[in-house]
Amino acid sequence: MKTAGNGAEPMLIDFSSRPPHPGFTPPAPHLQNYRRVYLASESRSAASGAGQGLDSWLAAYEALGARHVVLKARDLTTTFGFKIPNETVADFIRTHGPRFIGFAGVDPWQAGTVAEFDHAICNLGLSGLNLQCFELKLRPDDERLFPFYEKAIELNVPVNIHCGINFSTHTPMAIGRPEYIDNVMVRYPELRAVASPPGWPWVQELIGVAWRHPNLFIGVLAVRPKLLAKAHSGYEALLQYGRTILKEKIIFGSAFPMMPVETALAELEALGLEEPVRQLWLHDNAARLLNLPARLT
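Residues numbered from 1 in each chain as written. Predicted model: local features only at pLDDT ≥ 70, side-chain atom pairs only at ≥ 80, totals over all residues. Heavy atoms only, no water.

(A) Here's a closer look at the overall build of the chain. Looking only at helices and strands, the chain features 13 helices and 10 strands. A compact globule built from 297 residues should have a C-alpha radius of gyration of about 19 Å, and the chain, at 18 Å, falls within 12% of that. Seen through its principal axes, the chain has C-alpha atoms that stretch 50 × 40 × 40 Å. Counting all 297 residues of the chain, 57% fall into the buried class. (Helix = DSSP H or I, 4+ residues; strand = E, 2+ residues; numbered from the N terminus. Rg over C-alpha atoms; globule rule 2.2 N^0.38 Å. Buried < 20%, exposed > 50% of the residue type's maximum accessible area, 1.4 Å probe, protein only.)

Listed below in structure tokens is the structure:
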């Protein structure tokens, strides 16, 4: 990985990371089962360089020469009484600099939240919308979300939509089926969206949906990249299609603290991607989704 210190162009955009900062870690009883499933991985994260506190987390991305790191707000006030406010994300970016890009969170069950989304983009300086639909207890194609997709198109910002299994036993797993994102993209073909994580156990279904829709990307995050090369893991098709016809659709995210940043990157490097494909996965595809220049000047 090229680093900022040697004058080379940063070639990494981490599409999913959560800083070890009190504003990003409110109590989340509805995610208790995630802590069981990811116990080993999160223990490694806590012991990693980035896991030693906020200064170490910031230093890790500096050492990696990361161009950007995406931070996501979440507003689950109605469903679970949980919130990472848009203002918290915006304040963090103002404090720690333009390396960090924020996605807004909304509570679609409450009135006035389309205006809150607009405010987050136009006034707080956030750059997209995060919909963890299983936590909102809404399928991605629920009509309650249509005004947010329409506002995202109007504002020319992307939407991150949770896809695939969730481990919260407080909400149905089926909410994450890729077919519901397909319905969204059929209705809003101009919407720029990323389905993440990458759809397990419906990986091939998600591949079909992404193949169909030019503006839909796949976020490889919250899954160990090494599983893409492991037989019978259910992720193998992502590597085959992601290095060929979908090579311009795959976006990397470490999902820290669910996984150490360094481990996620090392496992992706070990996949043996050709350099142009590696660059697409680690940087260029995310830059295109975020409407950024593909290269720094």
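(B) The arrangement of the environment of Thr 113 in detail. Secondary-structure assignment places Thr 113 in helix 6 (residues 113-122). For Thr 113, the contacting residues outside a window of four places in its chain are Val 106, Asp 107, Pro 108 and Phe 148. Within the local environment of Thr 113, its side chain forms a polar contact with the backbone oxygen of Gln 110, the two atoms lying 3.1 Å apart. (Contact = heavy atoms within 4.5 Å. Polar contact = N/O pair within 3.5 Å; in protein donor to acceptor, adjacent residues only side chain to side chain.)

(C) Representation of the pattern of salt bridges within the structure. Scanning the entire structure with this criterion turns up 14 salt bridges. Between Arg 139 and Asp 141 there is a salt bridge, with its nearest N and O atoms 2.9 Å apart. Under the relative-accessibility criterion, Arg 139 is labelled partly exposed at 38%. Notably, a salt bridge pairs Asp 182 with Arg 212, separated by 2.9 Å at the nearest N-O pair. Taken together, the residues Asp 182 in helix 9 (residues 178-187) and Arg 212 in helix 10 (residues 203-212) connect sequence positions 30 residues apart. Relative accessible area serves as the criterion here: at 52%, Arg 212 is assigned to the exposed category. A single salt-bridge network, built from bridges that share partners, covers Asp 118, Lys 151 and Glu 154. (Salt bridge = Lys/Arg side-chain N within 4 Å of Asp/Glu carboxyl O.)

(D) The arrangement of the sheet that holds strand 5 (residues 100-105) in detail. Reading across from one edge, 1-2-5-6-7-8-9-10 is the order of the eight strands in this open sheet, with parallel pairing throughout. The two strands at the open ends of the sheet, each matched to only one other strand, are strand 1 (13-14) and strand 10 (250-252). Across four bridges, strand 2 (residues 68-72) lies against strand 5 in parallel orientation. For Val 70, the partnering residue across the bridge sits in strand 5 and is Ile 101. Strand contacts of helix 5 (residues 86-96): strand 2 and strand 5, with the helix running at about 170° to strand 5, the strand carrying the most contacts. (Pairing = 2+ DSSP bridges. Axes fitted to C-alpha atoms, helices over the stretch in contact; angles between N-to-C directions.)

(E) Region of the structure containing helix 8 (residues 146-155). Those residues of helix 8 not exposed but buried are Phe 146, Phe 148, Tyr 149, Lys 151, Ala 152 and Leu 155. Against the buried residues of helix 8 lie helix 6, strand 6 (128-131), strand 7 (159-161) and helix 9. One or two steps after helix 8, the chain reaches Asn 156, where phi turns positive at roughly 60°.

(F) Structural view of the side chain of His 68. Here His 68 is to be found in strand 2. At 3.2 Å, the side chain of His 68 and the backbone oxygen of Arg 99 are in polar contact.

(G) Inspection of the environment of His 68 at higher detail. His 68 gets classed as buried once you look at its relative accessible area, which sits at 12%. Ignoring anything within four residues of it in the chain, the contact list for His 68 reads Leu 12, Ile 13, Asp 14, Pro 98, Arg 99, Ile 101 and Leu 292. Of note is the side chain of His 68, whose polar atom sits 3.1 Å from the backbone oxygen of Pro 98.

Functional significance is not addressed by these values, which are geometric in nature.
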